[in-house]
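Listed below are the residues making up each chain.
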Amino acid sequence: MRKILPTLILAILALIAHPIQAQSIYDFTVKNDEGKDVSLADYKGKVLLIVNTATKCGFTPQYKELEALYEKYHAQGFEILDFPCNQFGQQAPGSIAEIHQFCTANFNIQFPQFDKIDVNGKNESPLYTYLKSQKSFGGFNLKDKLGSLLDGMLRKQDVDYDKKPSIKWNFTKFLIDQQGRVVKRYEPTDSMEKVGKDIEQML
């Protein structure tokens, strides 16, 4: 017993120092738009697009394109998981109920919206900590007007902003395969047509 005890203590200390890391998004639980816990394991076997959104952003019209993708591929096993976030220019004001009402009234979205979250910082969602650890920032399309504006604005704040994995703006997207692995990250200036083609190839 005396020999076993130090071994157990060392094992416990090792776990504290190096906690078991998530192996897929199925290890996470999030809250839906009613504040209820939802295990992402409920989405096993589906292709997922996880996106942080905002209702008062230059990229907000992407809701229309997201809904088009959802309607086209949902029956084939595709889901969009929408996480409104107010961290970028405070462009997602209001309650989740108000956000949902806006999105259904203006874009007739059918895909699920979850509770508002932070995607960066001390209060960031553990799901987003994981997503960022899997796929870092891919760069804005500088030929896009909004992409050029964002690059200039963010570089003034941090000259090395593009070398960090943080979420840079609204409508960053992560593509998840049927095994819960993060396979691609799209920045808001990336072509939605390309996103659609990648989804189709995975289904």
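Preceding this section is the structure that the text describes.
Below is a short write-up of the structure.

The rules behind the values
- Residues numbered from 1 in each chain as written.
- Predicted model: local features only at pLDDT ≥ 70, side-chain atom pairs only at ≥ 80, totals over all residues.
- Heavy atoms only, no water.
- 1 Å grid on protein atoms, 1.4 Å probe; cavity = no way out; pocket = protein on both sides within 12 Å on 5 of 7 lines; lining within 4 Å.
- Points joined across faces, edges and corners; volume = space filled by probe spheres on them.
- Helix = DSSP H or I, 4+ residues; strand = E, 2+ residues; numbered from the N terminus.
- Nonpolar A, V, L, I, M, F, W, Y, C, P; charged D, E, K, R; others polar.
- Core = buried A, V, L, I, M, F, W, Y, C linked by side-chain atoms within 4.5 Å.
- Buried < 20%, exposed > 50% of the residue type's maximum accessible area, 1.4 Å probe, protein only.
- Contact = heavy atoms within 4.5 Å.
- Expected span 1.5 Å × (residues − 1).
- Arc of directions from axis to C-beta.
- Pairing = 2+ DSSP bridges.
- Phe/Tyr/Trp six-rings, centres within 6.5 Å; stacked < 30°, edge-to-face > 60°.
- Lys, Arg positive; Asp, Glu negative; His and termini not counted.
- Salt bridge = Lys/Arg side-chain N within 4 Å of Asp/Glu carboxyl O.
- Polar contact = N/O pair within 3.5 Å; in protein donor to acceptor, adjacent residues only side chain to side chain.

Observations concerning the layout of surface pockets
In step 1: Approximately 170 Å³ is the volume attributed to the largest pocket.
In step 2: Lining the largest pocket are 13 residues, with T29, V30, K31, I117 and S125 sitting closest to its centre.
In step 3: The set of elements that each furnish at least two residues to the lining of the largest pocket consists of β1 (29–31) and α4 (126–134).
In step 4: Counting residues per element, the lining of the largest pocket draws most heavily on β1, which supplies three residues.
In step 5: Along the lines of polarity and charge, the residues of the lining of the largest pocket split into six nonpolar, three polar and four charged.

Brief notes about the nonpolar core
In step 1: Counting residues in each nonpolar core, the largest one holds 54 residues, and the members touching the most others are I25, I50, F83, L127, Y128 and L131.
In step 2: With residues near it in sequence (within four places) discarded, I25 still touches L40, L48, I50, L127, Y130, L131, I176, G180 and V182.

Some thoughts on helix α3 (residues 96–107)
In step 1: A rise of 1.5 Å per residue sets the reference length of α3, with its 12 residues, at 16 Å; its end C-alpha atoms lie 16 Å apart and thus fit the reference within 8%.
In step 2: Buried residues of α3: I96, I99 and C103, and no others. With its buried residues spanning 60° around the axis, α3 presents them on a single face. Projecting away from the buried face of α3 at angles above 90 degrees are the exposed residues A97, Q101 and A105.
In step 3: After α3 finishes, the residue N108 shows a positive phi value of roughly 50°.

With respect to the pairing of strand β6 (residues 182–186)
In step 1: Pairing analysis gives four bridges linking strand β5 (residues 173–176) to β6, with the strands arranged antiparallel. Its bridge partner being in β6, L175 is matched across the sheet by K184.
In step 2: Where β5 hands over to β6, the hairpin turn is made up of five residues, of which G180 adopts a positive phi near 85°.

Things to note about the packing of aromatic side chains
In step 1: By the definition in use, this model includes 14 aromatic pairs.
In step 2: With centroids separated by 5.8 Å and ring planes inclined at 70°, the aromatic side chains of Y70 and F111 adopt a geometry described as edge-to-face. Note that Y70 is positioned in helix α2 (residues 62–73) and F111 in the loop between α3 and α4, a separation of 41 residues in sequence. Summarising the burial analysis for this pair, Y70 and F111 share the class buried.

Focus on α2
In an α-helix, one full turn covers 3.6 residues, which means residues spaced three or four apart are oriented alike.
In step 1: For α2, spanning 12 residues, the distance from its first C-alpha to its last is 16 Å, which sits close to the expected 16 Å at 1.5 Å a residue.
In step 2: Looking at α2, one finds that the buried residues are Q62, Y63, L66, E67, L69, Y70 and Y73. One side of α2 holds all its buried residues, which, seen down the axis, span an arc of 160°. More than 90 degrees from the buried face of α2, the exposed residues found are K64, E71 and K72.
In step 3: Its buried side turned inward, α2 meets β3 (47–53), β4 (78–84), α3, β5 and α6 (192–202).

Topic: the side chain of K168
In step 1: Among the secondary structure elements, K168 is positioned in the loop between α5 (145–157) and β5.
In step 2: For the buried K168, no salt bridge is present, and the opposite-charge side chain at shortest range is D158, 6.9 Å distant.
In step 3: At 2.9 Å, the side chain of K168 and the backbone oxygen of K164 are in polar contact.
In step 4: A distance of 2.8 Å separates the side chain of K168 from the side chain of S166, its partner in a polar contact.
In step 5: With residues near it in sequence (within four places) discarded, K168 still touches F88, F137, F140, L154, Y161 and R185.

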